[in-house]
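Listed below, chain by chain, are the residues.
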There are 2 protein chains.
Amino acid sequence: MPRVVVEVMPKPEILDPQGVAVRGALRRLGFAVTDVRQGKRFEIEVERADEETVARVHEMASTLLANLVIEDFAVRVEEPA
Amino acid sequence: MPRVVVEVMPKPEILDPQGVAVRGALRRLGFAVTDVRQGKRFEIEVERADEETVARVHEMASTLLANLVIEDFAVRVEEPA
């Protein structure tokens, strides 16, 4: 079954406390990282991955999955192998 | 600066209550979805995206970012445009 992926990330200008915490933890473990941002990833199984479905997934993302005031999202279609 | 992305998803055999809740909410909003899984997405900025760094990011993911008992992860290098 085809799968549509929605990636939701905090907008670049928004403070991301989860990302800051993860960056701190990684540094304490000895990993040199410049910056970390934490977001969400949704894998949505759909009947068909046609244009209409992708448009519907955009609607889902802007209605429910992402808060557009503080988050950006991207939609990708993943064809099954 | 190059960016390495770590995608963390619940293993297929593990119950994903967040995904189930999102699926229910999407259905109540009138979206026909078969299944939803919710995971995490980390964007990690690094100095260089060479093989050594990617190996270190695999270490980070299995040490801190993912719980390998219940989650799988994937690492992807995103070159800046």
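Procedures and definitions
- Residues numbered from 1 in each chain as written.
- Chains lettered and ligands numbered in written order.
- Predicted model: local features only at pLDDT ≥ 70, side-chain atom pairs only at ≥ 80, totals over all residues.
- Heavy atoms only, no water.
- Helix = DSSP H or I, 4+ residues; strand = E, 2+ residues; numbered from the N terminus.
- Rg over C-alpha atoms; globule rule 2.2 N^0.38 Å.
- Buried < 20%, exposed > 50% of the residue type's maximum accessible area, 1.4 Å probe, protein only.
- Contact = heavy atoms within 4.5 Å.
- Areas by Shrake-Rupley, 256 points an atom, 1.4 Å probe, with all protein chains shown as cover.
- Lys, Arg positive; Asp, Glu negative; His and termini not counted.
- Charge placed at Lys NZ, Arg CZ, Asp CG, Glu CD.
- Arc of directions from axis to C-beta.
- Polar contact = N/O pair within 3.5 Å; in protein donor to acceptor, adjacent residues only side chain to side chain.
- Pairing = 2+ DSSP bridges.
- Axes fitted to C-alpha atoms, helices over the stretch in contact; angles between N-to-C directions.

Glancing now at the overall build of chain A. Broken down by element type, chain A carries 2 helices and 3 strands. Each helix and strand of chain A, ordered N terminal to C terminal, gives the series β-α-β-α-β. Against the 2.2 N^0.38 benchmark of 12 Å for 81 residues, chain A shows a C-alpha radius of gyration of 16 Å, more extended than a compact globule. Overall, chain A is about 45 × 30 × 15 Å in size when its C-alpha atoms are taken along their principal axes. Expressed as a percentage of the 81 residues in chain A, the buried residues total 43%. Within chain A, counting contacts between residues at least 6 apart in sequence, those at least 24 apart form 70% of the total. Roughly 4,500 Å² of accessible area belongs to chain A as shown, and the carbon and sulfur atoms make up 53% of that amount. Between the averaged position of the 11 positive side-chain charges in chain A and that of its 15 negative side-chain charges there is a distance of 9 Å.

Take helix α2 (residues 51-65) of chain A next. Listing the buried residues of α2(A) in full gives Thr53(A), Val54(A), Val57(A), Met60(A), Ala61(A) and Leu65(A). Looking down the long axis of α2(A), one finds its buried residues gathered within 105 degrees of arc, a one-sided arrangement. More than 90 degrees from the buried face of α2(A), the exposed residues found are Glu51(A) and Glu52(A). Turning to α2(A), the residues buried within the fold contact β1 (3-10), β2 (35-45) and β3 (71-78) of chain A together with α1 (17-28) of chain B.

Relative to the elements of secondary structure, Glu7(A) occurs in strand β1. For Glu7(A), a relative accessible area of 9% translates into the label buried. A distance of 2.7 Å separates a polar atom in the side chain of Glu7(A) from a polar atom in the side chain of Arg76(A). Apart from the residues lying within four places of it in its own chain, the contact partners of Glu7(A) are Lys40(A), Asp72(A), Phe73(A), Ala74(A), Arg76(A), Glu7(B), Arg41(B) and Arg76(B).

Our focus in this paragraph is the sheet that holds β1(A). Read across the open sheet, the 6 strands follow the order β3(A)-β1(A)-β2(A)-β2(B)-β1(B)-β3(B); overall the sheet is antiparallel. Every interior strand has two partners, whereas the edge strands, β3 of chain A together with β3 (71-78) of chain B, have only one. Here the strands of the sheet are splayed against their neighbours by 25 degrees on average, with no regard to which way each runs. Pairing of strand β1 (residues 3-10) of chain B with strand β2 (residues 35-45) of chain B, which is carried by 6 bridges, proceeds in the antiparallel orientation. Note that in β2(B) the partner of Val5(B) across the bridge is Glu43(B). Of the strands in this sheet, β1, β2 and β3 of chain A are in contact with α2(A), which crosses β3(A) at around 150 degrees. Set on the sheet, α1(B) makes contact with β2 of chain A together with β2 of chain B; between it and β2(B) the angle comes to about 120 degrees.

Turning our attention to the pairing of β2(B). Of all 11 residues in β2(B), 8 are buried, a share of seventy percent or more. In this structure, β2(A) lies alongside β2(B), joined through 11 bridges in antiparallel fashion. Note on β2(B): the bridge partner recorded for Asp35(A) is Glu45(B).

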